[in-house]
Amino acid sequence: MKAVILAGGLGSRLSEETTLRPKPMVEIGGRPMLWHIMKLYSHHGVNDFVICCGYKGYVIKEYFANYFLHMSDVTFDMRSNRMDVHQHRAEPWTVTLVDTGEDSMTGGRLRRVARYLQNEEAFCFTYGDGVGDVDISATIAYHRQHGKLATLTATTPPGRFGALELREGRVASFREKPQGDGAVINGGFFVLSPKVIDLIEADHTIWEQEPLQRLAAQGELMAHEHKGFWLPMDTLRDKQQLEELWASGRAPWKVWA
């Protein structure tokens with residue numbers, strides 16, 4: 001099964017990091033967010049990737065073109081113009097990088113990679129800026145079981161602030177950053193039939209609007225609930241939280257060995 005990853009957005013709310021690189025290339029623990037997402041999929045046996053590039057897509061292309069340099073020890077012999085790679089660590093990945101336009105919306109980017117999905121019974125689809133300990137294998141199995149066109153991962157967003165319970169001016173309880181207001185949201189990590197691409201009109205189409213709304217109205221959109229960790233890297237604060245988790249050795253999304 002292939003996984004399509006959106007990696008072309010501007011990431012304006014993280015402008016401190018994205019003036020020089022696309023948002024999925026912002027690093028957590030010295031590795032791009034895109035790498036973390038691909039490692040998660042690879043853990044579940046998905047190793048064929050289609051990356052939807054846009055804003056500063058050349059940064060992503062250069063990263064994969066020199067992947068072995070990023071991941072290995074290297075000796076450069078300047079006198080003889082020779083390079084020796086030591087302890088080369090390869091991933092079992094096939095990576096297709098597609099320029100899906102600077103200004104395309106999420107649906108438009110998916111539409112532009114349709115030719116790479118023609119022979120697929122189903123494919124995975126996600127955003128290039130969020131991680132979680134999502135059971136992708138279970139999501140795929142659920143999608144195959146119900147037989148509908150689309151499955152999304154439903155999750156409850158993390159709270160941003162501590163919550164107080166007040167009784168006549170007295171703080172009766174305090175909870176540090178509880179889950180959000182109880183609303184279940186789209187956490188990405190979709191499994192889709194290629195037929196859903198027919199619902200995407202053009203580059204301007206936003207996947208989360210008309211296509212998903214039509215799928216829901218037609219009874220073709222199912223949700224696989226995820227109750228574990230999930231966090232999108234929307235702000236510098238989110239990045240710092242992910243960095244702290246990774247540095248602590250307790251990153252919940254690091255399910256691989």
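What comes next concerns the included structure. (Residues numbered from 1 in each chain as written. Predicted model: local features only at pLDDT ≥ 70, side-chain atom pairs only at ≥ 80, totals over all residues. Heavy atoms only, no water.)

### Comments concerning the nonpolar core
The condition that has to hold: By convention a nonpolar core is built from buried Ala, Val, Leu, Ile, Met, Phe, Trp, Tyr and Cys residues, the set being connected through side-chain atoms within 4.5 Å. For every residue, the accessible area (1.4 Å probe, protein chains only) is compared with the maximum for its type, and the residue is labelled buried under 20%, exposed over 50%, or partly exposed between those bounds. Only DSSP runs of H or I with at least four residues qualify as helices, and only runs of E with at least two residues qualify as strands; both kinds are numbered from the N terminus onward.
Among the nonpolar cores identified, the biggest contains 42 residues, and Tyr41, Ile51, Leu242 and Trp253 are the most heavily contacted of them. The set of elements that each furnish at least two residues to this core consists of strand 1 (2-7), helix 2 (33-43), strand 4 (48-53), helix 3 (57-65), helix 4 (67-71), helix 6 (136-146), strand 16 (230-232) and helix 8 (236-248).

### Notes on a nonpolar patch on the surface
The condition that has to hold: For patch detection, residues must exceed 30% relative accessible area and be free of salt bridges, and they are connected within 9 Å for like charges or within 5 Å for nonpolar side chains (Val, Leu, Ile, Met, Phe, Trp, Tyr). Surface accessibility in these figures is a Shrake-Rupley result with a 1.4 Å probe; residues are shielded only by whichever protein chains are displayed. Salt bridges are counted wherever a side-chain nitrogen of Lys or Arg sits within 4 Å of a carboxyl oxygen of Asp or Glu.
On the surface, a nonpolar cluster with roughly 410 Å² of combined accessible area is contributed by Phe76, Met78, Met83 and Val85. Position of Met78 relative to the elements: it lies in the loop between strand 5 (73-77) and strand 6 (82-86). Residue classification places Met78 among the exposed positions, given a relative accessible area of 71%.

### Side note on the packing of aromatic side chains
Put simply, the test is: Ring geometry is summarised as follows: Phe, Tyr and Trp rings, the Trp one being its six-membered ring, pair when their centres sit within 6.5 Å, and such pairs are stacked at plane angles under 30 degrees, edge-to-face over 60 and tilted between the two. Throughout this description, the term charge over a ring refers to an Arg CZ or Lys NZ atom that lies within 6 Å of the ring centre and within 35 degrees of the ring normal.
Overall, the coordinates contain 15 aromatic pairs when judged by the stated rule. For the pair Phe229 and Trp253, a centre-to-centre distance of 5.9 Å together with 25° between the ring planes defines the contact as stacked. Of this pair, Phe229 sits in the loop between strand 15 (221-225) and strand 16 while Trp253 sits in the segment after helix 8, and the two are 24 residues apart along the sequence. Note on accessibility: Phe229 and Trp253 belong to one class, buried. Above the ring of Trp35, the side-chain terminus of Arg31 is found at 5.6 Å from the ring centroid.

### Focus on the environment of Met233
How we decide: Residue contacts follow a heavy-atom distance rule, with two residues in contact if any of their heavy atoms lie within 4.5 Å.
Along the chain, Met233 falls in the loop between strand 16 and helix 8. Given a relative accessible area of 0%, Met233 falls into the buried group. Setting aside residues up to four positions removed in sequence, Met233 forms contacts with Leu14, Lys23, Val26, Ile28, Met33, Asp129, Asp238, Lys239 and Leu242.

### With respect to helix 3
The condition is simple: The arc under discussion is defined with respect to the helix axis, by the directions toward the C-beta atoms.
What helix 3 keeps buried is the set Gly57, Val59, Ile60, Tyr63 and Phe64. One side of helix 3 carries all its buried residues, which in axial view fall inside an arc of 155°. Tucked into the core, helix 3 has its buried residues touching strand 1, strand 3 (31-32), helix 2, strand 4, helix 4 and strand 7 (94-99).

### Let's talk about unusual backbone geometry
Of note, the phi angle at Asn81 is positive, near 55°, even though the residue is not glycine. Counting through the fold element by element, Asn81 comes out in the loop between strand 5 and strand 6. Within the chain, Phe189 stands out as a residue other than glycine whose phi angle is a positive 45°. Relative to the elements of secondary structure, Phe189 occurs in the loop between strand 13 (185-186) and strand 14 (190-192).

### Points about helix 6
Residues of helix 6 that are buried include every one of Ile136, Thr139, Ile140, His143 and His146, and no others. All buried residues of helix 6 fall inside an arc of 140° around its axis, so they share one side. Pointing more than 90 degrees away from the buried face of helix 6 are the exposed residues Arg144 and Gln145. At its buried positions, helix 6 is contacted by helix 2, strand 8 (123-127), strand 10 (150-155), strand 14 and strand 15. Just beyond helix 6, the residue with positive phi is Gly147, at close to 75°.

### Digging into the environment of Cys53
Tracing the sequence through the fold places Cys53 in strand 4. Cys53 sits 97 residues away from Ala150 along the chain, and the two C-alpha atoms are 23 Å apart. Apart from residues no more than four positions distant in its own chain, Cys53 is found in contact with Ala7, Gly8, Ile60, Leu97, Val98, Asp99, Thr100, Gly101 and Arg109.

### Some words on the pattern of salt bridges
Within this structure, the stated rule accounts for 11 salt bridges. Close ionic contact of Lys39 with Glu91 constitutes a salt bridge, the shortest N to O distance being 3.5 Å. Within this pair, whereas Lys39 is found in helix 2, its partner Glu91 is found in the loop between strand 6 and strand 7, the two being separated by 52 residues in sequence. Look at Lys39 and you get buried, because its relative accessible area is 15%. Here Asp203 makes a salt bridge to Arg112, at a shortest N to O gap of 2.6 Å. Note that Asp203 is positioned in the loop between strand 14 and helix 7 (210-217) and Arg112 in helix 5 (residues 106-112), a separation of 91 residues in sequence. One network of salt bridges, with partners in common, ties together Arg13, Lys23, Asp129 and Asp234.

Structural measurements only, silent on function.
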